[in-house]
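Each chain, letter by letter, is given below.
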Amino acid sequence: MKVAAQILDKASQSNTMIATAESCTGGMVAAALTEIPGSSRVVDRGFVTYSNAAKTQMIGVDAALIAAHGAVSEPVAVAMAEGALTNSDAGIAVSITGLAGPGGSNHKPEGRVCFGLAQTGQATHFETIEFGALGRENVRIGARDNALQLLLRHLP
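The present account deals with the structure reproduced in this document. (Residues numbered from 1 in each chain as written. Predicted model: local features only at pLDDT ≥ 70, side-chain atom pairs only at ≥ 80, totals over all residues. Heavy atoms only, no water.)

**Examining the nonpolar core**
Put simply, the rule is: In this description, a nonpolar core means a group of buried Ala, Val, Leu, Ile, Met, Phe, Trp, Tyr and Cys residues linked to one another through side-chain atoms lying within 4.5 Å. A 1.4 Å probe rolled over the protein chains alone gives each residue an accessible area, and that area as a share of the maximum for its type sets the label: buried under 20%, exposed over 50%, partly exposed in between. Strands are runs of DSSP state E lasting at least 2 residues, helices are runs of H or I lasting at least 4, and numbering of each runs from the N terminus. In this analysis, two residues are considered to be in contact whenever any of their non-hydrogen atoms come within 4.5 Å of each other.
In terms of nonpolar packing, the biggest core is built from 29 residues, with Ile7, Val29, Leu33, Ile96, Val113, Phe115 and Leu151 touching the most fellow members. With seven residues, the single largest contributor to this core is helix α6 (residues 136-154). Excluding residues within four positions of it along the chain, valine 113 makes contact with Cys24, Ile96, Thr97, Gly98, Glu127, Thr128, Ile129, Phe131, Val139 and Ala143. Counting residues in hydrophobic clusters, the runner-up holds 16 residues, among them Ala79, Met80, Leu85 and Ala93.

**Some thoughts on the sheet that holds strand β3 (residues 92-98)**
In plain terms, the rule: Pairing between strands requires that DSSP locate at least two bridges from one strand to the other. Simply put, an axis is a line fit to the C-alpha atoms, just over the touching stretch for a helix, and the angle between two N-to-C directions goes from 0 to 180 degrees.
Spatially, five strands are ordered β2-β1-β3-β4-β5 in an open sheet, and the strand pairing comes out mixed. The open sheet is flanked by β2 (43-48) and β5 (125-130), the only strands paired with a single partner. On average, each strand axis in the sheet is inclined to that of its neighbour by 15°, with strand direction left out of account. Of the pairings in the sheet, the one linking strand β1 (residues 18-22) to β2 comprises five bridges and is parallel in character. Residue glutamate 22 lies in a different strand from β2, and its bridge partner there is valine 48.

**A word on unusual backbone geometry**
Where the residue is not glycine, phi is negative for most of them; where a peptide bond is considered, it is trans in most cases. With omega at 0°, the peptide bond leading from glycine 101 into proline 102 counts as cis. Turning to its location among the elements, proline 102 is positioned in the loop between β3 and β4 (112-119). The backbone of asparagine 15 shows a phi angle near 55°, a positive value even though the residue is not glycine. In this structure, asparagine 15 sits in the loop between α1 (2-14) and β1.

Bear in mind that shape data such as this cannot, by itself, settle questions of function.
Encoded structure:
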(Lines give C-alpha, C1' and ligand atoms only; values in the text may rest on other atoms or scores of the structure.)
Protein backbone atom coordinates (compact mmCIF):
# COMPACT_ATOMS: atom_id res chain seq x y z
CA MET A 1 0.00 0.00 0.00
CA LYS A 2 1.61 3.21 -1.21
CA VAL A 3 0.15 5.47 1.51
CA ALA A 4 1.44 3.18 4.25
CA ALA A 5 4.95 3.35 2.79
CA GLN A 6 4.72 7.16 2.65
CA ILE A 7 3.64 7.21 6.31
CA LEU A 8 6.58 5.06 7.33
CA ASP A 9 9.03 7.23 5.39
CA LYS A 10 7.62 10.44 6.86
CA ALA A 11 7.57 9.04 10.40
CA SER A 12 11.12 7.79 10.00
CA GLN A 13 12.32 11.19 8.78
CA SER A 14 10.70 12.96 11.74
CA ASN A 15 11.67 10.19 14.19
CA THR A 16 8.01 9.80 15.22
CA MET A 17 6.60 6.55 16.59
CA ILE A 18 3.02 5.56 15.69
CA ALA A 19 0.26 3.85 17.69
CA THR A 20 -3.22 2.81 16.61
CA ALA A 21 -6.45 2.20 18.52
CA GLU A 22 -8.97 0.37 16.38
CA SER A 23 -12.46 -0.91 16.93
CA CYS A 24 -14.48 -1.64 13.77
CA THR A 25 -11.35 -2.15 11.65
CA GLY A 26 -9.96 -4.77 14.01
CA GLY A 27 -6.31 -3.88 13.41
CA MET A 28 -6.41 -3.17 9.67
CA VAL A 29 -4.45 0.09 10.03
CA ALA A 30 -1.72 -1.56 12.07
CA ALA A 31 -1.65 -4.44 9.59
CA ALA A 32 -1.28 -2.07 6.62
CA LEU A 33 1.68 -0.40 8.30
CA THR A 34 3.39 -3.52 9.59
CA GLU A 35 3.19 -5.50 6.36
CA ILE A 36 6.02 -3.29 5.09
CA PRO A 37 9.53 -4.45 5.98
CA GLY A 38 11.27 -2.10 8.38
CA SER A 39 8.03 -0.80 9.91
CA SER A 40 9.30 -1.66 13.39
CA ARG A 41 11.44 1.50 13.21
CA VAL A 42 8.31 3.66 13.63
CA VAL A 43 5.32 1.50 14.57
CA ASP A 44 5.20 1.21 18.35
CA ARG A 45 1.95 -0.71 18.89
CA GLY A 46 -1.65 -1.24 17.90
CA PHE A 47 -4.59 -1.66 20.25
CA VAL A 48 -7.60 -3.59 18.98
CA THR A 49 -10.30 -2.37 21.34
CA TYR A 50 -13.36 -3.95 19.81
CA SER A 51 -15.42 -4.15 23.00
CA ASN A 52 -16.26 -1.30 25.33
CA ALA A 53 -14.44 -3.16 28.12
CA ALA A 54 -11.29 -3.28 25.99
CA LYS A 55 -11.51 0.46 25.35
CA THR A 56 -11.67 1.04 29.10
CA GLN A 57 -9.13 -1.57 30.21
CA MET A 58 -6.49 -1.18 27.49
CA ILE A 59 -6.45 2.53 26.73
CA GLY A 60 -8.31 4.12 29.63
CA VAL A 61 -11.49 5.33 27.92
CA ASP A 62 -13.87 6.33 30.71
CA ALA A 63 -16.87 3.98 30.82
CA ALA A 64 -19.07 6.98 31.69
CA LEU A 65 -18.02 8.65 28.43
CA ILE A 66 -19.06 5.56 26.47
CA ALA A 67 -22.36 5.41 28.39
CA ALA A 68 -23.07 9.09 27.72
CA HIS A 69 -22.14 9.24 24.02
CA GLY A 70 -21.99 5.64 22.80
CA ALA A 71 -18.90 3.85 21.54
CA VAL A 72 -19.39 5.30 18.06
CA SER A 73 -18.91 8.98 18.83
CA GLU A 74 -16.34 11.71 18.43
CA PRO A 75 -15.71 12.01 22.20
CA VAL A 76 -14.88 8.30 22.36
CA ALA A 77 -12.68 8.51 19.25
CA VAL A 78 -10.78 11.37 20.90
CA ALA A 79 -10.41 9.42 24.15
CA MET A 80 -9.22 6.36 22.21
CA ALA A 81 -6.54 8.33 20.34
CA GLU A 82 -5.40 10.07 23.50
CA GLY A 83 -5.42 6.78 25.41
CA ALA A 84 -3.31 5.09 22.74
CA LEU A 85 -0.84 7.97 22.89
CA THR A 86 -0.68 7.85 26.70
CA ASN A 87 -0.30 4.06 26.83
CA SER A 88 2.47 3.84 24.25
CA ASP A 89 5.82 5.31 23.32
CA ALA A 90 4.31 6.95 20.25
CA GLY A 91 4.29 10.60 19.29
CA ILE A 92 1.16 10.20 17.15
CA ALA A 93 -1.87 7.92 17.50
CA VAL A 94 -4.91 7.36 15.32
CA SER A 95 -8.21 5.85 16.47
CA ILE A 96 -11.23 4.39 14.70
CA THR A 97 -14.65 3.52 16.11
CA GLY A 98 -17.68 2.88 13.96
CA LEU A 99 -20.60 0.83 12.73
CA ALA A 100 -19.36 -1.22 9.79
CA GLY A 101 -22.65 -3.08 9.52
CA PRO A 102 -24.85 -4.73 8.90
CA GLY A 103 -27.34 -2.84 10.98
CA GLY A 104 -27.46 0.50 12.66
CA SER A 105 -30.25 2.82 13.69
CA ASN A 106 -31.65 6.22 12.83
CA HIS A 107 -29.48 7.65 15.61
CA LYS A 108 -26.30 5.80 14.56
CA PRO A 109 -26.57 4.57 10.99
CA GLU A 110 -24.55 1.83 9.35
CA GLY A 111 -21.38 3.25 7.88
CA ARG A 112 -20.79 5.96 10.51
CA VAL A 113 -17.15 5.98 11.56
CA CYS A 114 -15.48 8.38 14.00
CA PHE A 115 -11.75 9.05 13.96
CA GLY A 116 -9.32 10.64 16.40
CA LEU A 117 -5.74 11.76 15.85
CA ALA A 118 -3.66 12.62 18.91
CA GLN A 119 -0.15 14.06 18.87
CA THR A 120 2.17 14.98 21.66
CA GLY A 121 1.75 18.68 22.49
CA GLN A 122 -1.16 19.33 20.09
CA ALA A 123 -4.93 19.45 20.26
CA THR A 124 -6.57 16.18 19.26
CA HIS A 125 -8.15 16.18 15.80
CA PHE A 126 -11.43 14.34 15.28
CA GLU A 127 -13.85 13.77 12.46
CA THR A 128 -16.80 11.60 11.46
CA ILE A 129 -17.38 10.11 8.04
CA GLU A 130 -20.72 8.72 6.93
CA PHE A 131 -19.67 5.98 4.53
CA GLY A 132 -23.26 4.76 4.23
CA ALA A 133 -24.48 1.19 3.89
CA LEU A 134 -21.68 0.09 1.55
CA GLY A 135 -21.35 -3.30 3.21
CA ARG A 136 -19.11 -4.27 6.10
CA GLU A 137 -15.96 -4.91 4.07
CA ASN A 138 -16.17 -1.62 2.16
CA VAL A 139 -16.82 0.45 5.29
CA ARG A 140 -13.84 -1.16 7.02
CA ILE A 141 -11.57 -0.56 4.01
CA GLY A 142 -12.75 3.04 3.75
CA ALA A 143 -12.12 3.56 7.47
CA ARG A 144 -8.64 2.05 7.21
CA ASP A 145 -7.79 4.25 4.24
CA ASN A 146 -9.08 7.41 5.93
CA ALA A 147 -7.06 6.67 9.07
CA LEU A 148 -3.93 6.20 6.98
CA GLN A 149 -4.58 9.53 5.25
CA LEU A 150 -5.02 11.20 8.66
CA LEU A 151 -1.64 9.88 9.75
CA LEU A 152 0.01 11.03 6.54
CA ARG A 153 -1.46 14.54 6.80
CA HIS A 154 -0.65 15.03 10.48
CA LEU A 155 2.84 13.56 10.73
CA PRO A 156 5.47 16.26 11.20
